[in-house]
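Chain by chain, the residues run as shown.
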Amino acid sequence: GAGVSQSPRYKVAKRGQDVALRCDPISGHVSLFWYQQALGQGPEFLTYFQNEAQLDKSGLPSDRFFAERPEGSVSTLKIQRTQQEDSAVYLCASSLVGTGGRSSNQPQHFGDGTRLSIL
Amino acid sequence: GNSVTQMEGPVTLSEEAFLTINCTYTATGYPSLFWYVQYPGEGLQLLLKATKADDKGSNKGFEATYRKETTSFHLEKGSVQVSDSAVYFCALSDRQGAQKLVFGQGTRLTINP
């Protein structure tokens, strides 16, 4: 596609429900990132994939958060037993190449995000 | 760990005014530095970047210079327009590992005609 696509744009869930957020990266992009952006704050890193391998999940706030990218393209971020503090915009970004070397400065392209509200 | 500190907003200017948004960073090694912009109702877009000391990134009349000695990457524009109204984020990425971005808290800029 032309850009990173995220769905849904808006999600409202009751506390305790499970949610799944989808990211379609730019075709051919190797790297995929998830970020969480609280209201009035900058995005914070959650997790990173290179193709289908999840190489860094150090930013996931708890074991209720789980991400996958089984075929190295589309990724899903799942939040189980949602809490009110999970309310945020979840951003997905992709970039062309993997880690390290001179190519490590490829820019990340962001989707418009999914705004999650937990009631 | 790595961190980015931005000038707090909101910032309100008149059209054609000079803009500076301060950004300083703390990092191990030699990070790459970025400015991202978020226009109302849109996603984050890369505005400019610099990958080594003394590099100047520029785009759409905006400039920022990578200053290693002061660990800064201040954003400047000589004459702002109403269309520049947006939220601006300074960010860094480590050259090693996952290149994950570390963002500042963002600065909301409003330009009045």
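Scroll up for the structure.
Residues numbered from 1 in each chain as written. Chains lettered and ligands numbered in written order. Predicted model: local features only at pLDDT ≥ 70, side-chain atom pairs only at ≥ 80, totals over all residues. Heavy atoms only, no water.

1. A look at the overall build of chain A
Item 1. Counting its secondary structure elements, chain A contains zero helices and eleven strands.
Item 2. On C-alpha atoms alone, chain A measures out to a radius of gyration of 14 Å, which is about the 14 Å that the 2.2 N^0.38 rule sets for 119 residues.
Item 3. Dimensions of chain A along its principal axes, counting C-alpha atoms only, are 45 × 30 × 25 Å.
Item 4. Burial status across chain A gives 47% buried among its 119 residues.
Item 5. Total accessible area on chain A is roughly 5,900 Å²; 45% of this is exposed by carbon and sulfur atoms.
Item 6. Of the side chains in chain A, 12 bear a positive and 11 a negative charge, and the two mean positions are spaced by 4 Å. (Helix = DSSP H or I, 4+ residues; strand = E, 2+ residues; numbered from the N terminus. Rg over C-alpha atoms; globule rule 2.2 N^0.38 Å. Buried < 20%, exposed > 50% of the residue type's maximum accessible area, 1.4 Å probe, protein only. Areas by Shrake-Rupley, 256 points an atom, 1.4 Å probe, with all protein chains shown as cover. Lys, Arg positive; Asp, Glu negative; His and termini not counted. Charge placed at Lys NZ, Arg CZ, Asp CG, Glu CD.)

2. Focus: the packing of aromatic side chains
Item 1. By the definition in use, this model includes twelve aromatic pairs over all chains.
Item 2. Their ring planes at 80 degrees and their centres at 5.4 Å tell us that Phe110(A) and Tyr36(B) sit as a pair that is edge-to-face. Within this pair, whereas Phe110(A) is found in strand E10 (residues 109-110), its partner Tyr36(B) is found in strand E5 (residues 32-38), the two belonging to separate chains.
Item 3. The class of Phe110(A) is buried, set by a relative accessible area of 9%.
Item 4. Within the aromatic cluster, the residues linked to one another by ring pairs are Phe33(A), Tyr35(A), Phe45(A), Tyr48(A), Phe110(A), Phe34(B), Tyr36(B), Phe89(B) and Phe103(B). (Phe/Tyr/Trp six-rings, centres within 6.5 Å; stacked < 30°, edge-to-face > 60°.)

3. Looking at the sheet that holds strand E8 (residues 62-65) of chain B
All names here are of chain B.
Item 1. Taken together, four strands build an open sheet; the order of strands is E3-E9-E8-E7 and the sheet is antiparallel. At either end of the open sheet lies a strand with only one pairing partner, and these are strand E3 (19-21) and strand E7 (56-59). This sheet shows a mean twist of 20 degrees between the axes of neighbouring strands, independent of strand direction.
Item 2. In terms of strand pairing, E3 meets strand E9 (residues 75-77) through three bridges, oriented antiparallel. Pairing of Thr20 across the sheet is with Glu76, part of E9. (Pairing = 2+ DSSP bridges. Axes fitted to C-alpha atoms, helices over the stretch in contact; angles between N-to-C directions.)

4. Thoughts on the sheet that holds strand E7 (residues 65-68) of chain A
Residues and elements named next belong to chain A.
Item 1. Ordered by their spatial adjacency, four strands build an open sheet running E1-E3-E8-E7, and the pairing between neighbours is antiparallel. The sheet is open, and its two borders are formed by strand E1 (5-7) and E7, each paired with just one other strand. Across the sheet, the mean angle from the axis of one strand to that of its neighbour is 15 degrees, orientation sign disregarded.
Item 2. The pairing of strand E3 (residues 19-24) with strand E8 (residues 75-79) spans five bridges and is classified as antiparallel. The residue of E8 that forms the bridge with Leu21 is Leu77.

Everything listed here is a matter of geometry and, on its own, says nothing about what the molecule does.
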